[in-house]
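Descriptive analysis of the structure
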Amino acid sequence: MTMESSLKLFDAEYKFMCIVWAHEPVNSTELTRICEKELGWKKPTTYSMIKKLSERGIMKNEKATVTTLIAREAVQKYEADIFIDRVFDGSVPSFITSFLQDKTLSRDEAQKIKSMIDGVTKK
């Protein structure tokens, strides 16, 4: 399995991973309690998801402790890249134009975005 394919998460998988990212390392029994409360899942569903994502190399369950093997930021970047490629033909300026339409930024937000752009601008 490629690294790229391990970053592709379906909606339920992403919601589950968000819970794990927020609580890791987390005991698998505690994780079932959290998933029941937050997702309405029964114990078998949670354990099935742990097994499935462990087999894909996305997380591990060792000695009843669940941890992730990929960072949330890596998944977010992958999903953002796919979205921009699919919806905006890979054009970041088109994405930003669409995203900012009908929005107002504070001076601080605008300055942070300008700083980020300056940081990735080719010299």
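Quick look at the structure, then.

Rules and cut-offs
Starting from 1, residues in each chain are numbered consecutively following that chain's sequence as written. Selection of residues for local features in this predicted model requires a pLDDT of at least 70, selection of side-chain atom pairs for listing and counting requires 80 or more, and totals for whole chains, interfaces and linings are taken over all residues. Each side-chain value is derived from all of the structure's non-hydrogen atoms; neither hydrogens nor water enter the calculation. Segments assigned H or I by DSSP are reported as helices when at least four residues long, segments assigned E as strands when at least two residues long, and all are numbered from the N terminus. A helix's residues, less one, multiplied by 1.5 Å, set its expected span. A simple rule labels every residue: compare its accessible area, found with a 1.4 Å probe on the protein chains alone, to the largest value its type can have, and call it buried under 20%, exposed over 50%, or partly exposed in between. Note on contacts: a residue pair is in contact if any heavy atoms of the two residues lie within 4.5 Å. Exposure above 30% relative accessible area and no salt bridge define the residues that can form patches, which grow by joining like charges within 9 Å and nonpolar side chains of Val, Leu, Ile, Met, Phe, Trp and Tyr within 5 Å. To be clear on the numbers: accessible area is Shrake-Rupley with a 1.4 Å probe, and residue cover counts the displayed protein chains and nothing else. By definition here, a salt bridge exists when the distance from a side-chain nitrogen of Lys or Arg to a carboxyl oxygen of Asp or Glu is within 4 Å. Lines fitted to C-alpha atoms define the axes, with helix axes restricted to the stretch in contact, and inter-axis angles between N-to-C directions lie between 0 and 180 degrees. Note on terminology: angles under 35 degrees are roughly parallel, angles over 145 are roughly antiparallel, angles of 65 to 115 are roughly perpendicular, and the others are oblique. Here is the rule for handedness: rotate from the far helix to the near one, and if that takes an anticlockwise turn smaller than a right angle the crossing is left-handed, while a clockwise turn gives right-handed. All residues other than Ala, Val, Leu, Ile, Met, Phe, Trp, Tyr, Cys, Pro, Asp, Glu, Lys and Arg, Gly among them, are scored as polar; the first ten of these are nonpolar and the last four charged. Put simply, two rings from Phe, Tyr or Trp (the six-membered ring, in Trp's case) pair if the centres are within 6.5 Å, and we call them stacked under 30 degrees between planes, edge-to-face over 60, tilted for the rest.

Compared with an ideal rise of 1.5 Å per residue, which puts 13 residues at 18 Å, helix α2 (residues 11-23) spans 19 Å between its outermost C-alpha atoms and is within 8% of the ideal. When we look at burial in α2, the residues that qualify are Glu13, Phe16, Met17, Cys18, Ile19, Val20 and Trp21. In this fold, the buried residues of α2 make contact with α3 (28-39), α4 (43-55), β2 (59-62), β3 (65-68) and α5 (72-88).

On to a nonpolar patch on the surface. On the surface, Val92, Ile96, Phe99, Leu100, Leu105, Ile113, Met116 and Ile117 cluster together into a nonpolar patch covering about 640 Å² of accessible area. Among the secondary structure elements, those contributing two or more residues to the nonpolar patch are α6 (92-100) and α7 (107-120). For the nonpolar patch, the leading source of residues is α6, giving four residues. Positionally, Ile117 belongs in helix α7. You can call Ile117 partly exposed: its relative accessible area is 42%.

Any two packed helices are characterised by how steeply their axes cross, that is the angle between the axes, and by the distance between the axes. The geometry of α2 relative to α5 is characterised by a closest axis approach of 11 Å and an angle of 150° between their N-to-C directions. Considering their axes alone, α2 and α5 lie roughly antiparallel with respect to each other. In contact with Tyr14, Cys18, Trp21 and Ala22 of α2, α5 contributes Arg72, Val75 and Gln76.

So, on to the pattern of salt bridges. Pairing between side chains becomes possible if they bear opposite charge and their charged atoms approach one another. Summed over all chains, the structure comprises eight salt bridges. Here Lys15 makes a salt bridge to Asp11, at a shortest N to O gap of 3.2 Å. With Lys15 and Asp11 both in helix α2 and four residues apart, this pair spans about one turn of that helix. The exposure class assigned to Lys15 is partly exposed, which follows from its relative accessible area of 44%. Look at Asp11 and you get exposed, because its relative accessible area is 52%. Measuring nitrogen to oxygen at the nearest pair gives 2.7 Å for the salt bridge that ties Glu30 to Arg33.

Once that is clear, we can look at the packing of α2 against α3. With their axes 11 Å apart at the nearest point, α2 and α3 run at an angle of 130° to one another. The angle between α2 and α3 places the two elements in the oblique class. Seen from above, α2 lies across α3 with right-handed handedness. Listed contacts from α3 to Lys15, Phe16, Ile19, Val20 and His23 of α2 are Leu31, Ile34, Cys35, Glu38 and Leu39. Considered class by class, the residues forming the contact of α2 with α3 number seven nonpolar, one polar and two charged.

Below, the discussion takes up the packing of aromatic side chains. What the rule picks out here adds up to six aromatic pairs. Ring centres of Phe83 and Phe95 lie 6.2 Å apart, and the angle between their planes is 85°; on these two criteria the pair is classed as edge-to-face. You can see Phe83 sitting in helix α5 and its partner Phe95 sitting in helix α6, a full 12 residues away along the chain. For Phe83, a relative accessible area of 34% corresponds to the partly exposed category. Aromatic pair Phe95 and Phe99: ring centres 5.8 Å apart, planes at 25°, arrangement stacked. Within this pair, Phe95 and its partner Phe99 are both found in helix α6, separated by four residues, close to a single helical turn. Put simply, the rings of Phe83, Phe88, Phe95 and Phe99 touch in pairs and so form one group of aromatic residues.

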